[in-house]
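# Structural overview
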Amino acid sequence: MILPGDEDSNRLPLDISALDTAALNIPPPATGHPTYLRHRQWMMQALAIAATAGKSGEVPVAAIVVGPDQQIVAAAANRKERDCDPTAHAEVLALRTAGRQLGNWHLNDCTLYVTLEPCMMCAGAIVQSRLGLLVYGADDPNAGAIRSVLNLPDSACSNHRLEVIGGILEAPCRNQLRQWFQQRRQAKAKDELRPD
């Protein structure tokens, strides 16, 4: 699947109907509040994109930029391995594509959905984009730069105050990453046991 944000793709919007959200084992919503349900639906789509990335060998993190009309503007998954690019994080790729699609790097009226709390690099890009709202799934206790380790958006060096909602589908987001890393460790251990 080619996602918007791929350098070889100019096709928008992403056909999210082709993504398998049923396979994610997401429990029913705890509340019927319309805002929560909207955030939950977009996060489910991000989880499905992340699963596709994980199957291709990338760390399963995905980001979706949604415009004020609740239409997808951009979506991307991590591509560090594929692109041999340390900056090819899902958030950065999605923000780049959104800026190109909108013809403006100011994303004030947009929402970014991402399955994992952004790192310092991505948090910086988010602040620079003047994003309207960031919604993320799982906290990153090792490198999270929104709330967990650092709070870059609220720091003195930030020229933009960012509204943040964390913890949307937190358990499925966290479990997706844990399972992927566990599978990678098991495959590596199995390879190390094989005789040459």
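Residues numbered from 1 in each chain as written. Predicted model: local features only at pLDDT ≥ 70, side-chain atom pairs only at ≥ 80, totals over all residues. Heavy atoms only, no water.

## Things to note about the nonpolar core
Residues Met43, Ile64, Val65, Leu112, Leu131 and Leu134 are the most contacted members of the largest nonpolar core, which totals 50 residues. Mapped by element, the contributors of at least two residues to this core are helix 1 (34-55), strand 1 (62-66), strand 2 (72-77), helix 3 (90-102), strand 3 (111-116), helix 4 (120-128), strand 4 (133-138) and helix 5 (170-193). Counting residues per element, this core draws most heavily on helix 1, at eight residues. Setting aside its immediate chain neighbours within four residues, Leu131 contacts Leu107, Asn108, Cys110, Thr111, Leu112, Ile126, His160 and Leu162. (Core = buried A, V, L, I, M, F, W, Y, C linked by side-chain atoms within 4.5 Å. Buried < 20%, exposed > 50% of the residue type's maximum accessible area, 1.4 Å probe, protein only. Helix = DSSP H or I, 4+ residues; strand = E, 2+ residues; numbered from the N terminus. Contact = heavy atoms within 4.5 Å.)

## Let's talk about helix 4
In an α-helix, one turn spans 3.6 residues, which is why side chains three or four residues apart end up on the same side. Buried within helix 4 are the following residues: Cys122, Ala123, Ile126 and Val127. For helix 4, the buried positions fall inside an angular range of 140 degrees around the axis, keeping them on one side. Taken together, the buried residues of helix 4 touch helix 3, strand 3 and strand 4. (Arc of directions from axis to C-beta.)

## A word on the sheet that holds strand 2
Pairing within the open sheet is mixed, and its five strands lie in the order 2-1-3-4-5. Edge positions in the sheet fall to strand 2 and strand 5 (163-166), since each of these pairs with one other strand and no more. This sheet shows a mean twist of 15 degrees between the axes of neighbouring strands, independent of strand direction. Packed on one face of the sheet, helix 1 meets strand 1, strand 2, strand 3, strand 4 and strand 5 and runs near 50 degrees to strand 3. Helix 3 rests against strand 1, strand 2 and strand 3 of the sheet, and its axis sits at about 150 degrees to strand 2. (Pairing = 2+ DSSP bridges. Axes fitted to C-alpha atoms, helices over the stretch in contact; angles between N-to-C directions.)

## Overview of the environment of Asn175
Examined against the element boundaries, Asn175 turns out to sit in helix 5. Taking the C-alpha atoms as reference, Asn175 lies 9.0 Å from Ala138; in sequence the two are 37 residues apart.

## Observations regarding the pairing of strand 4
Of all six residues in strand 4, six are buried; the element is thus mostly enclosed. Pairing analysis gives five bridges linking strand 3 to strand 4, with the strands arranged parallel. The residue of strand 4 that forms the bridge with Leu112 is Leu134. Read as a crossover between parallel neighbours, the route from strand 3 over helix 4 to strand 4 is right-handed. Pairing geometry for strand 4 and strand 5, over four bridges, is parallel. Of the residues in strand 5, the one forming a bridge with Tyr136 is Gly166. (Right-handed = clockwise from strand over helix to strand, strands pointing away.)

## Overview of the pattern of salt bridges
By the definition in use, this model includes four salt bridges. Measuring nitrogen to oxygen at the nearest pair gives 2.3 Å for the salt bridge that ties Glu170 to Arg174. A residue pair is termed a helical-turn pair when its members lie 3 or 4 positions apart in one helix, as Glu170 and Arg174 do in helix 5 at four residues. Given a relative accessible area of 26%, Glu170 falls into the partly exposed group. Using a relative accessible area of 27% as the deciding quantity, one classes Arg174 as partly exposed. The structure contains a network of salt bridges with shared partners spanning Arg79, Arg82 and Asp83. (Salt bridge = Lys/Arg side-chain N within 4 Å of Asp/Glu carboxyl O.)

## Remarks on the confidence of the model for the protein chain
The predicted coordinates ought not to be read in detail in places where the model reports low pLDDT. Averaged over the protein chain, the pLDDT score is 88; the fraction of residues at 70 or greater is 86%. Low pLDDT (under 50) marks residues 7-14, which in the prediction has 19 contacts with non-local residues, meaning those over four places away or in another chain. (pLDDT = per-residue confidence, 0-100.)

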